[in-house]
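Residues per chain, in single letters:
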Amino acid sequence: MARERSGGALLSTLDAEHAEWRPLLSLVEAALGEMKRPVWSESVPAREHSAALGQPLLSGVIIQIAPDPVRRWIHRAMTIAGAGASAIPFVDALAAGRLDPLALFEAAVAGDPDRLEDLARAAGDDRGVLKVVAPILAMPMLHACRRAWTPLVPAAWAESYCPICGDWPTLAETRGLDGQRRLRCGRCGGDWRTERLRCPFCGERGHENLGSLVSEEPEPQTVDVCERCRHYVKAITVLVPIRPEDVFLHDLATLALDVIALERGYRRPTPERREVEVIARSSRLRTLFRLRPWTTG
């Protein structure tokens, strides 16, 4: 059974074991600190009830936030990210207007790979750095939404994607003494129940199509795979839930499992397309970000 470690302890462990990850880990640490700023919680749209059937709570909301905190966070984050990719002058791109911080923030919150690719080209990023850091850029806003909206998640939520932000699960937890199976979202820390014998992506229940890959680490770790859709999810056993803020770190800490799955031809599903429109108006108080309804295809 995996030992639960706090975010700080896990950050220290990863930093010691993976010196090459230090810029990325510094960015995660900055995001964890950024989450504590009240501006993000104050900008979460009020929802009086759950979203439409089968849609995540992020669907169709309007996020109203002053542009200065967004610009400040994006500039700080890209300064950190640029330290690990010296050939990509993100700060220069921001200063020259080639990289719009508001558009980057919106694309990160939406999880839109096409828009992120366009922004990467404009910034001179041909290494895919923006796609890697985008989930971290979105964490302060998405975690604020998760904290506010978790009570609205239907108890019977049975979809494969996160009920808060709509992303695919990063981890599957087998939790507690009763072995309840929970899916966890790396972008917002979302937490929802699923069946023990069911592919979280295509819904396959046939045991002949469901299997597991086991790592050869000192502490065995597992990847659950589906032969029907060829997707995988990393599976861990815990006594207590991983803190929502630490799910992303646990995803990093189990990167070896991704390698095992990828080498055998399994993949994580591609992100679903989510339309997002920015309405930027001159105002000293706020810039509007309007998220169009989320669709599953």
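Up top is the structure these notes are about.
Residues numbered from 1 in each chain as written. Predicted model: local features only at pLDDT ≥ 70, side-chain atom pairs only at ≥ 80, totals over all residues. Heavy atoms only, no water.

Engineer: For this particular structure, what's the right way to read the overall build of the chain?
Structural biologist: Looking only at helices and strands, the chain has ten helices and nine strands in total. For the chain, with 297 residues in total, the buried portion stands at 50%. The long-range share in the chain, meaning contacts at least 24 apart out of those at least 6 apart in sequence, stands at 65%. (Helix = DSSP H or I, 4+ residues; strand = E, 2+ residues; numbered from the N terminus. Buried < 20%, exposed > 50% of the residue type's maximum accessible area, 1.4 Å probe, protein only. Contact = heavy atoms within 4.5 Å.)

Engineer: Sorry, what's going on with the packing of aromatic side chains here?
Structural biologist: Two aromatic rings are characterised by how far apart their centres lie and by the angle between their planes. Tallied over the entire structure, the rule returns four aromatic pairs. Aromatic side chains W157 and Y161 sit 5.8 Å apart centroid to centroid with 75° between the ring planes, which places their arrangement in the edge-to-face category. When its relative accessible area of 10% is taken as the criterion, W157 is described as buried. An aromatic cluster is built from W157, Y161, W168 and F201, whose rings are joined through pairwise contacts. One cation-aromatic arrangement involves R230 over Y266; the distance from NZ or CZ to the ring centre is 4.0 Å. (Phe/Tyr/Trp six-rings, centres within 6.5 Å; stacked < 30°, edge-to-face > 60°. Lys NZ or Arg CZ within 6 Å of the ring centre and 35° of its normal.)

Engineer: What's the story with the sheet that holds strand β4 (residues 191–193) in this structure? I'm lost.
Structural biologist: Pairing is mixed in the open sheet, where six strands are placed in the order β4-β3-β2-β7-β6-β5. On the outer flanks of this sheet lie β4 and β5 (210–214), each paired with one strand and no other. Between one strand axis and the next, the sheet turns through 35° on average, direction left out of account. As paired elements, β5 and strand β6 (residues 222–226) share five bridges and run antiparallel to each other. Of the residues in β6, the one forming a bridge with G211 is V225. (Pairing = 2+ DSSP bridges. Axes fitted to C-alpha atoms, helices over the stretch in contact; angles between N-to-C directions.)

Engineer: Before we go on, may I ask you to explain helix α10 (residues 255–263) in this structure?
Structural biologist: Residues lying three or four places apart along an α-helix face the same way, a consequence of the helix completing one turn every 3.6 residues. Residues L257, D258, I260 and A261 constitute the buried set of α10. Considered in projection along α10, the buried side chains sweep an arc of 160° and stay on one side of the axis. The elements touched by buried residues of α10 are β5, β6, β7 (232–238) and α9 (247–253). Looking one or two residues past α10, G265 carries a phi angle of roughly 90°, positive in sign. (Arc of directions from axis to C-beta.)

Engineer: I would appreciate a short explanation of the environment of A256 in the present structure.
Structural biologist: Here A256 shows up in helix α10. Overall, the relative accessible area of 39% leaves A256 in the partly exposed class. A C-alpha to C-alpha distance of 9.6 Å links A256 and Q221, two positions 35 residues apart in sequence.

Engineer: Just to check I follow, could you spell out the layout of surface pockets for this structure?
Structural biologist: Take a probe with the size of a water molecule and roll it over the atoms, and the empty space left behind shows itself. In this model, the largest pocket occupies a volume close to 1100 Å³. If you go around the largest pocket, you meet 39 residues; those closest to its centre are K131, V132, V133, P135 and F248. Of all elements in the fold, only α2 (22–34), α7 (113–123), α8 (129–149), α9 and α10 reach the threshold of two or more residues within the lining of the largest pocket. Counting residues per element, the lining of the largest pocket draws most heavily on α8, which supplies six residues. (1 Å grid on protein atoms, 1.4 Å probe; cavity = no way out; pocket = protein on both sides within 12 Å on 5 of 7 lines; lining within 4 Å. Points joined across faces, edges and corners; volume = space filled by probe spheres on them.)

Engineer: Could you clarify how one ought to interpret the packing of helix α6 (residues 101–110) against α7 in this entry?
Structural biologist: Angle between the axes and distance between the axes: these two values describe a pair of packed helices. Close contact between α6 and α7 brings their axes to 8 Å; oriented N to C, the two are set at 150°. Here α7 runs roughly antiparallel to α6, going by the angle between their axes. Both α6 and α7 take part in a crossing whose hand is left-handed. Residues A103, L104, E106, A107 and A108 of α6 touch α7, and the partners they reach there are R115, L116 and L119. Among the residues making up the contact of α6 with α7, the classes are represented as six nonpolar, no polar and two charged. (Parallel < 35°, antiparallel > 145°, perpendicular 65-115°, else oblique. Left-handed = near helix turned anticlockwise from the far one by under 90°. Nonpolar A, V, L, I, M, F, W, Y, C, P; charged D, E, K, R; others polar.)

Engineer: It is not clear to me how unusual backbone geometry should be interpreted in this structure. Could you clarify?
Structural biologist: With glycine set apart, most residues show a phi of negative sign, and most peptide bonds adopt trans. Positive phi, close to 65°, is recorded for R230, a residue that is not glycine. Along the chain, R230 falls in the loop between β6 and β7.

Engineer: I keep staring at the packing of α6 against α8 and nothing clicks. Help me out?
Structural biologist: One can describe the packing of α6 onto α8 by two numbers: an axis separation of 8 Å at closest approach and a directional angle of 85°. As judged from the angle between their axes, α6 and α8 are roughly perpendicular. Residues L104, F105, A108 and V109 of α6 pack against L130, A134, L137, A138, M141 and L142 of α8. Considering only residue class, the contact of α6 with α8 consists of ten nonpolar, no polar and no charged.

Engineer: Help me out: how do you make sense of α8 in this one?
Structural biologist: In a regular helix each residue adds 1.5 Å, so 21 residues correspond to 30 Å; α8 covers 30 Å between its end C-alpha atoms and thus fits that length. For α8, the principal kink sits at M139 and spans about 55°; a proline, P140, occurs within the next four residues. When you tally the buried positions in α8, you get 16 out of 21 residues, the bulk of the element. (Expected span 1.5 Å × (residues − 1). Bend = angle between axes of the 7 residues up to and from the residue.)

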